[in-house]
Amino acid sequence: MVSFDPFRNISHTMPSLTVPQAPRYVPAPPTKENLQYADLAIIDLSKTATAEGRAELAVQLREALTTHGFCYIINHGYTQAQNERMFDIADIPMSGVPEDEKRAYTGDSKNTGIFQGYKPRQYWHIDAGVRDQQEHYNCNRHVYSLMHPQALRPFLSDIDAFVRHNHHNILHKICRLMALSLELPEDTFVKLHDFDAPGVSYLRFMKYFPRSEEDEVQTKNVWMKGHTDIGSITLLWSQPVTALQIQTKEGWRWVKHIENALLMNIGDSMEFLTGGFYKGTIHRVVQPPIDQRGYTRLSIIYFSFLNDDVKLVPLMDSPVLQRVGVERRCEDDVAPTMNDWRVARISAYGASDLQKGKEAGIEEEVLNGIVVKHYN
């Protein structure tokens, strides 16, 4: 078996001019259950074409990120047909690759602090001795720099185009809106998310599998504990299996599926940079409603990270932060870089022993001298 090296560079041929057909992935029908949904803002990216539109959206985004911390993104530049093709491709690493080949491409996040290649099922401990039932295939944004399973290779041009679209045409537009919302130069966060700088923004194809009734009872139906994301901005492409919940002032609320939309939220590193003005929203994954149980849940996520060398300290050039003040999670002189924080969080996730926190239902760990909370 060939060992997997996430840093291995390879040569590659130019993508084929013919478009290969991917096996069709048929998603679950939307739930008909009457659920308590979060009331999330909808950001229309088509308005970013003008300065007036960006100014309007910056205000809307600031309101969204200071209330729920999640919002929908529409008119992002991909059609419904392109969306469906990407979900077809996303299922290939899970359904179209033999198990022995998957093992050859399995990553080692606990030791490397980086997600690359497969994360197999039952890699993480969830609760009460129960391990996870989710499988990932993680792909660095420089798609052609690494080896991929044979079945995925005909679709690398699709994946590469999708990654670059997420980074340049969606993420960077959001970065500009966030800068405007903090009254900073419009390119502030764009420069901190340089596609070609050292960093590990990556694409994830992820599939949750139904669990046994015993596992559901042991974990109180929680598939992934409440947590904040590690990086800066997360782009989650909406899919119909309702299982994502966010923590609001009113309690846990479900996130509703919107066709050909994506969900955007911020993570730890953006909370550091904004001194807590924008907080990483706590979210979790739970058992779907009764009419969707038995279905798999396929997701596509673009996790963006700041450039590796960015120090996670508040951007005090922001007039907004000067006015409202900041909450530091650590002193500036000992603040980690993006690379330090990523390695610490990824290496520990699902592997470290969590301690009971002072608040009910909260477990804690300390990484780089900073308390990280997990909400169970």
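What counts and how
- Residues numbered from 1 in each chain as written.
- Predicted model: local features only at pLDDT ≥ 70, side-chain atom pairs only at ≥ 80, totals over all residues.
- Heavy atoms only, no water.
- Axes fitted to C-alpha atoms, helices over the stretch in contact; angles between N-to-C directions.
- Helix = DSSP H or I, 4+ residues; strand = E, 2+ residues; numbered from the N terminus.
- Parallel < 35°, antiparallel > 145°, perpendicular 65-115°, else oblique.
- Left-handed = near helix turned anticlockwise from the far one by under 90°.
- Contact = heavy atoms within 4.5 Å.
- Nonpolar A, V, L, I, M, F, W, Y, C, P; charged D, E, K, R; others polar.
- pLDDT = per-residue confidence, 0-100.
- Pairing = 2+ DSSP bridges.
- Salt bridge = Lys/Arg side-chain N within 4 Å of Asp/Glu carboxyl O.
- Buried < 20%, exposed > 50% of the residue type's maximum accessible area, 1.4 Å probe, protein only.
- Polar contact = N/O pair within 3.5 Å; in protein donor to acceptor, adjacent residues only side chain to side chain.
- Expected span 1.5 Å × (residues − 1).
- Arc of directions from axis to C-beta.
- Core = buried A, V, L, I, M, F, W, Y, C linked by side-chain atoms within 4.5 Å.
- Right-handed = clockwise from strand over helix to strand, strands pointing away.

## Considerations on the packing of helix α2 (residues 80-95) against helix α5 (residues 156-181)
For step 1, the next point in the chain: Closest axis-to-axis distance for the α2/α5 pair is 11 Å, and the angle between their directions is 120 degrees. With respect to each other, α2 and α5 are oriented oblique. Our pair here, α2 against α5, has a crossing hand that is left-handed. Each of Arg85, Met86 and Ile89 in α2 lies in contact with α5, whose residues at this interface are Asp158, Ile159 and Phe162.
For step 2, the next point in the chain: Of the residues that constitute the contact of α2 with α5, the class distribution is four nonpolar, no polar and two charged.

## Topic: the confidence of the model for the chain
For step 1, the next point in the chain: The share of residues in the chain with pLDDT of 70 or more is 88%, and the mean pLDDT across the chain is 90.
For step 2, the next point in the chain: Per-residue pLDDT stays below 50 along residues 1-15; that stretch engages in 28 contacts with residues further than four places along the chain or on separate chains.

## Things to note about the sheet that holds strand β1 (residues 41-44)
Hydrogen bonds between backbone groups are what pair the strands of a sheet, and the pairing can be parallel or antiparallel.
For step 1, the next point in the chain: Pairing in this open sheet of eight strands is mixed, and the strands run β1-β2-β12-β9-β14-β7-β6-β3 from one edge to the other. The open sheet has two free edges, formed respectively by β1 and β3 (117-119), since each of these has just one partner strand. Recorded for the sheet is a direction-independent mean angle of 25 degrees between the axes of neighbouring strands.
For step 2, the next point in the chain: Running at roughly 70 degrees to strand β7 (residues 202-208), α2 makes contact with β3, β6 (134-140), β7, β9 (233-237) and β14 (297-304) of the sheet.
For step 3, the next point in the chain: Strands in contact with α5 are β1, β2 (70-74), β6, β7, β9, β12 (262-266) and β14; relative to β9, the strand with the most contacts, it is inclined by about 125 degrees.

## Focus: the pattern of salt bridges
For step 1, the next point in the chain: The final tally for this structure, using the stated rule, is 19 salt bridges.
For step 2, the next point in the chain: A salt bridge links Glu186 to Arg176; the shortest N-O distance between them is 3.7 Å. Of this pair, Glu186 sits in the loop between α5 and α6 (188-192) while Arg176 sits in helix α5, and the two are ten residues apart along the sequence.
For step 3, the next point in the chain: In this structure Glu186 comes out as partly exposed when scored by relative accessible area, which is 24%.

## Examining the environment of Thr228
For step 1, the next point in the chain: Its location among the elements puts Thr228 in the loop between β8 (222-227) and β9.
For step 2, the next point in the chain: Once the C-alpha coordinates of Thr228 and Ile266 are considered, the two residues, 38 residues apart in sequence, prove to be 8.3 Å apart.
For step 3, the next point in the chain: A polar contact of 2.7 Å, which involves the side chain of Thr228, links it to the side chain of Asp268.

## A closer look at helix α1 (residues 51-67)
For step 1, the next point in the chain: Taking 1.5 Å of rise per residue, 17 residues should cover 24 Å, and α1 covers 25 Å from first to last C-alpha, within 8% of that figure.
For step 2, the next point in the chain: For α1, the full list of buried residues reads Gly53, Arg54, Leu57, Ala58, Leu61, Ala64 and Leu65. Projected down its long axis, α1 shows its buried positions confined to an angular sector of 135 degrees, all on one face.
For step 3, the next point in the chain: The inward-facing, buried residues of α1 abut β1, β2, α5 and β12.
For step 4, the next point in the chain: Following α1 by one or two positions, Gly69 has its phi on the positive side, about 80 degrees.

## Concerning α5
For step 1, the next point in the chain: For α5, built from 26 residues, the straight-helix expectation of 38 Å at 1.5 Å per residue is met to within 8% by its first-to-last C-alpha distance of 36 Å.
For step 2, the next point in the chain: Downstream of α5 by one or two residues, Glu183 has phi in the positive range, about 60 degrees.

## Quick look at the environment of Met264
For step 1, the next point in the chain: Its place among the elements puts Met264 in strand β12.
For step 2, the next point in the chain: Residue Met264 is classed as buried on the basis of its relative accessible area, which comes to 0%.
For step 3, the next point in the chain: Considering only alpha carbons, one finds Met264 and Ile174, 90 residues apart in sequence, at a separation of 9.2 Å.
For step 4, the next point in the chain: Beyond its immediate stretch of four places on either side in the chain, Met264 contacts Leu61, Leu65, Gly69, Phe70, Cys71, Ile73, Ile174, Met178, Ile233, Thr234 and Leu235.

## What to know about the nonpolar core
For step 1, the next point in the chain: If you look at the biggest cluster of nonpolar residues, it comprises 92 residues, and the most contacted ones within it are Ile159, Met178, Phe189, Ile233 and Met264.
For step 2, the next point in the chain: For this core, the leading source of residues is α5, giving eleven residues.

## Re the packing of α1 against α5
For step 1, the next point in the chain: α5 packs onto α1 with a crossing angle of 80 degrees between their chain directions and a minimal axis gap of 8 Å. Judged by the inter-axis angle, α1 sits roughly perpendicular to α5. Judged by residue contacts, Arg54, Leu57, Ala58, Leu61, Arg62 and Leu65 of α1 engage Ile174, Leu177, Met178, Leu180 and Ser181 from α5.
For step 2, the next point in the chain: For the contact of α1 with α5, the per-class residue count stands at eight nonpolar, one polar and two charged.

## Observations concerning the pairing of β2
For step 1, the next point in the chain: When you tally the buried positions in β2, you get four out of five residues, the bulk of the element.
For step 2, the next point in the chain: Sheet topology places β1 next to β2; four bridges connect them, and they run parallel. For Ala41, the partnering residue across the bridge sits in β2 and is Cys71.
For step 3, the next point in the chain: Taking the sense of rotation as the criterion, the β-α-β connection linking β1, α1 and β2 turns out right-handed.

## Quick look at the pairing of strand β13 (residues 283-286)
For step 1, the next point in the chain: With burial as the criterion, each face of β13 is covered, one bearing His283 and Val285 and the other bearing Arg284 and Val286.
For step 2, the next point in the chain: In this sheet, β13 lies alongside strand β10 (residues 244-248) in antiparallel orientation, the contact comprising three bridges. Bridging from a neighbouring strand, Leu244 pairs with Val285 of β13.

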